[in-house]
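Analysis of the macromolecular model
Listed below are the residues making up each chain.
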Amino acid sequence: MHKLFYDLHIHSCLSPCGDEDMTPANIVAMAALKNLDVIAVTDHNSCKNCPALMSMAEQYEIIAIPGMELCTLEEVHVLCLFTSLSDAMDFDDYVSSKLIKVLNNEQIFGKQQVYNAMDQCIGEEPYLLINATEISFDQLDEVMKQFHGIYIPAHIDKNSNSLLSNLGFIPPDASFQSAEVKDISHVPDLLQSNPYLNECNIITNSDAHTLASINEPVNFLHVKERSIEGVLEALL
């Protein structure tokens, strides 16, 4: 077994709420400085900075999982993680077709920058990525199977944009096997009021929008294999 320190919820400069210095190269360098073993950049409704992230992470021998923070039709935030970059980018195309299109006003919301592996900005996303999509929460089991990924309800203890705040309950036909909390001290109450969660892996991440906010090596997973597949298996 391998003990891997993780942060699986990081926003790059592609998310309008992410600082402009949150380039894929800077994120990986900070993760290396903090001795993290595995990271995921999960931008709002986009995976377009995952190629650069994975290229840079390989140089630092950090496991980088391609991912996204999806905003469902109900405005529930969900972490979506994939075994392969190709699956993530196919999912990116699918989500883009389902995004409710509103042009981004960068003066209000911030820039949405796409970077390449040489840490160069190669474009910007024109449509506001923090909008909801036309993908409902109850579609996620089927959708994630199609794209060979897993989904993790994000920050379920927050009072906005979370499964429990926006839906008010865990759907009886849900089949997610991990859930994220922002504050680990909330877990006992969450388990008591939501019995479904007792069968889940509970993880916590930084939800970082700045380099300094990326987690220190505190949270860890025990995995059979030091790989993307090994990490995702540990979350199932």
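See the structure shown above.
Notes on the structure follow. (Residues numbered from 1 in each chain as written. Predicted model: local features only at pLDDT ≥ 70, side-chain atom pairs only at ≥ 80, totals over all residues. Heavy atoms only, no water.)

What follows covers empty space enclosed by the protein. Going through the model one piece at a time under the given rule, you end up with one cavity of 30 Å³ or more. Estimates place the volume of the largest cavity at around 40 Å³. Of the residues assigned to the lining of the largest cavity, the class counts are two nonpolar, three polar and three charged. (1 Å grid on protein atoms, 1.4 Å probe; cavity = no way out; pocket = protein on both sides within 12 Å on 5 of 7 lines; lining within 4 Å. Points joined across faces, edges and corners; volume = space filled by probe spheres on them. Nonpolar A, V, L, I, M, F, W, Y, C, P; charged D, E, K, R; others polar.)

This brings us to the environment of Tyr 60. With respect to the helices, strands and loops of the structure, Tyr 60 is situated in helix α2 (residues 50-60). By relative accessible area, Tyr 60 is classed as partly exposed at 42%. Along the backbone, Tyr 60 and Asp 7 are 53 residues apart, and their C-alpha atoms lie at a distance of 16 Å. Beyond its immediate chain neighbours, meaning those up to four positions away, Tyr 60 contacts Val 28, Ala 29 and Ala 32. (Helix = DSSP H or I, 4+ residues; strand = E, 2+ residues; numbered from the N terminus. Buried < 20%, exposed > 50% of the residue type's maximum accessible area, 1.4 Å probe, protein only. Contact = heavy atoms within 4.5 Å.)

Of the residues making up helix α1 (residues 24-33), those classed as buried are Pro 24, Ala 25, Ile 27, Val 28, Met 30 and Ala 31. Among the structural elements, β1 (2-10), β2 (38-41), α2 and β5 (113-115) are those in contact with the buried residues of α1. Backbone geometry just downstream of α1 places Asn 35 in the positive-phi region, at approximately 60 degrees.

For the rest of this paragraph, the subject is the packing of aromatic side chains. A full pass over the atoms with the stated rule returns nine aromatic pairs. A centroid spacing of 6.1 Å and a plane angle of 65 degrees characterise the contact between Tyr 151 and Phe 176, whose relative ring orientation is edge-to-face. Of this pair, Tyr 151 sits in strand β7 (residues 149-153) while Phe 176 sits in the loop between α5 (163-166) and β8 (178-181), and the two are 25 residues apart along the sequence. With respect to class, Tyr 151 is no different from Phe 176; both count as buried. (Phe/Tyr/Trp six-rings, centres within 6.5 Å; stacked < 30°, edge-to-face > 60°.)

Before going further, it helps to examine the layout of surface pockets. One simple way to see leftover space: roll a probe sized like a water molecule over the atoms. Here the largest pocket is characterised by a volume of approximately 170 Å³. Lining the largest pocket are 13 residues, with Ile 150, Tyr 151, Ser 175, Gln 177 and Leu 236 positioned closest to its centre. Broken down by secondary-structure element, the contributors of at least two residues to the lining of the largest pocket are α4 (140-146) and β7. Top contributing element to the lining of the largest pocket by residue count: β7, with four residues. Grouping the amino acids of the lining of the largest pocket by side-chain chemistry returns seven nonpolar, four polar and two charged.

Note that all results are geometric; they support no functional claim without further evidence.
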